[in-house]
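Coordinate inspection notes
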Amino acid sequence: MPDDTSALTKNTWRFRGNPEPKEEPRTMIRGALTFLMSNLNKSDNRPVIPMSITEPSAFECFKTTQVATQAVTDVVRSNKFNGYASPSVGILPARRAVAEHLSKDLPDKLSPDNVFLTLGCRQAMHCILHALGGSKSNILIPKPYFPYYDYFPELHNFEVRFFNLLPEKNWEIDIDSLRAAADENTVAMIITNPGNPCANVFTYRHLEKVAETAKTLGILVISDEVYAHIVFGESPFVPMGVFASITPVVTIGSISKRWLVPGWRMGWVVTHDPNGILKEHGIPQSMKRFLDISPNPPTIIQAALPDILANTKDDFFSKTLNIIKEDANSFYEGIKHVPGMTCPTKPEGSMSTMVKLDLSVFEDIEDDMNFCLKLAKEESVIILPGVSVGLSNWLRITFAIDPLFLEDGMKRLKDFCERHSKKM
Ligand SMILES: *Cc1c(COP(=O)(O)O)cnc(C)c1O
């Protein structure tokens, strides 16, 4: 028998941390942010301008509605919702409320059975990916993508393949590249509408084309609609569920962005399946099994959800939307005067957009990451390099911040770019 210390001296511990997902520290969003934050100049007394994360609730002007805080307070005070949520797919009144809320924009009414409540959109994505069961299959995602969508499918053993979004066509999907990426092992495609990171809003015609393409490919359309109704340009928001009679659709959403409460972790994944195809293929059944073994959204927030969805006043939405719209305008106008940058299309929705870097304008900028690093060091402005969303030598800039911070951030950005421009 080995004595007490033999395991240590022979170094025979049998456990080790799982290296998956392989986080490339500088290109993954969290890694990039940590890296940039750790390079801030501590003797710069100006406030840091966070044009990198879509978390407007950090600012005083982006507070949630009193209706939501009151609804949660009432539920907490009632002392009736301190137990586990049952059933695991979510309590019935909350699922019914989501079905009614979404049905307002749909031709076919949803039933509570179509709705599965999740810990925000992120768990909603895990729920549907789990249900699609990854082995040997692949999933198509847009480029540029919402950070996380490049590796969530990998966690579920899918291969990730890309199709392109076209900046010169208002970031519409390049349908040819979508077809080219698909093969007999493709099971689904993911779209984000309104778009993060491109701030675009897909038109009815384009979504219809996407639905028809998905049908011919025999794949599921997963539409991330976390920014539903956060639109302020020409195109209205059209939910993908509108096309469910053409092809089966799963949408995901949450109250994180529109109600400015990402920390409440209340989201949903919804099947739009008027022809019963998803059911026939066991998708909702598998989603339920996933939620049976997963943590569920807090019962308190589930119980407050019907009140929040039904009673939030339009003036709360329009107030928030007006600030974001003003931000988008001043950003788009301002960026025209910044050397080395082009924003191909005016933001029409969501909270972040893509800006192309022309490196030839600058004297000493190597690439997008180097740009963001120097900007953080010299100007205390945090911007996400395009590599972390799949497009190198672009930048992903969040404009939905306090307007005074945005003005300050744009000025620092301009000073920085002028200072680093080649001298004539
Ligand atoms: C913020 C965001 C999410 C995550 O939403 P949660 O409800 O906070 O999990 C998902 N998708 C996109 C496109 C987002 O911007």
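Above this note sits the structure.
Reading the values: rules and limits
- Residues numbered from 1 in each chain as written.
- Predicted model: local features only at pLDDT ≥ 70, side-chain atom pairs only at ≥ 80, totals over all residues.
- Heavy atoms only, no water.
- Helix = DSSP H or I, 4+ residues; strand = E, 2+ residues; numbered from the N terminus.
- Buried < 20%, exposed > 50% of the residue type's maximum accessible area, 1.4 Å probe, protein only.
- Contact = heavy atoms within 4.5 Å.
- Phe/Tyr/Trp six-rings, centres within 6.5 Å; stacked < 30°, edge-to-face > 60°.
- Lys NZ or Arg CZ within 6 Å of the ring centre and 35° of its normal.
- Pairing = 2+ DSSP bridges.
- Axes fitted to C-alpha atoms, helices over the stretch in contact; angles between N-to-C directions.

Cis geometry is found at the peptide bond from Lys143 to Pro144, where omega equals 5°. The residue after Asn196, namely Pro197, is reached through a cis peptide bond having omega 20°. Among the structural elements, Pro197 can be located in the loop between strand 6 (186-192) and helix 8 (204-217). With phi around 60°, Trp171 is a residue other than glycine that occupies positive phi space. As for its position among the elements, Trp171 is in the loop between strand 4 (159-166) and strand 5 (172-173). The phi torsion at Arg265 lies on the positive side, around 55°, for a residue other than glycine.

With respect to the element layout, Gly134 can be found in the loop between helix 5 (120-132) and strand 3 (138-143). Overall, the relative accessible area of 6% leaves Gly134 in the buried class. Separated by 277 residues in sequence, Gly134 and Lys411 place their C-alpha atoms 47 Å apart. Setting aside residues no more than four positions away along its own chain, Gly134 makes contact with His156, Asn157 and Phe158.

To continue, consider the packing of aromatic side chains. Following the criterion strictly, the structure yields 17 aromatic pairs and no others. Ring geometry for Tyr151 versus Phe152: centroids 5.9 Å apart, planes at 85°, classification edge-to-face. Consider the rings of Trp171 and Trp394, whose centres lie 5.4 Å apart with planes at 65°: the pair is edge-to-face. Of this pair, Trp171 sits in the loop between strand 4 and strand 5 while Trp394 sits in strand 13 (residues 394-398); the two residues are 223 residues apart in sequence, bridging distant segments of the chain. One exposure class covers both Trp171 and Trp394, and it is buried. The side chain of Arg122 reaches across the aromatic face of Tyr148, ending 4.6 Å from its centre.

Below, the discussion takes up the sheet that holds strand 10 (residues 341-342). Reading across from one edge, 1-12-13-11-10 is the order of the five strands in this open sheet, with mixed pairing throughout. Of all strands in the sheet, those bounded by a partner on one side alone are strand 1 (49-51) and strand 10. Relative to strand 13, strand 12 (residues 381-385) runs antiparallel, the two sharing two bridges. Looking at the pairing, Pro385 lines up with Leu395 of strand 13. Packed on one face of the sheet, helix 14 (residues 403-420) meets strand 1, strand 10, strand 12 and strand 13 and runs near 90° to strand 1.

Attention now goes to the sheet that holds strand 2 (residues 115-118). Here eight strands make up an open sheet; going across it, the order is 2-9-8-7-6-3-4-5 and the pairing mixed. Two strands close off the open sheet at either side, each with one partner strand: strand 2 and strand 5. Sheet topology note: the strand 6/strand 7 (residues 220-224) ladder contains five bridges and is parallel. Bridge pairing links Ile190 to Ile222 in strand 7. On the sheet, helix 5 packs against strand 2, strand 3, strand 6, strand 7, strand 8 (249-254) and strand 9 (267-272) and is oriented at approximately 155° with respect to strand 8.

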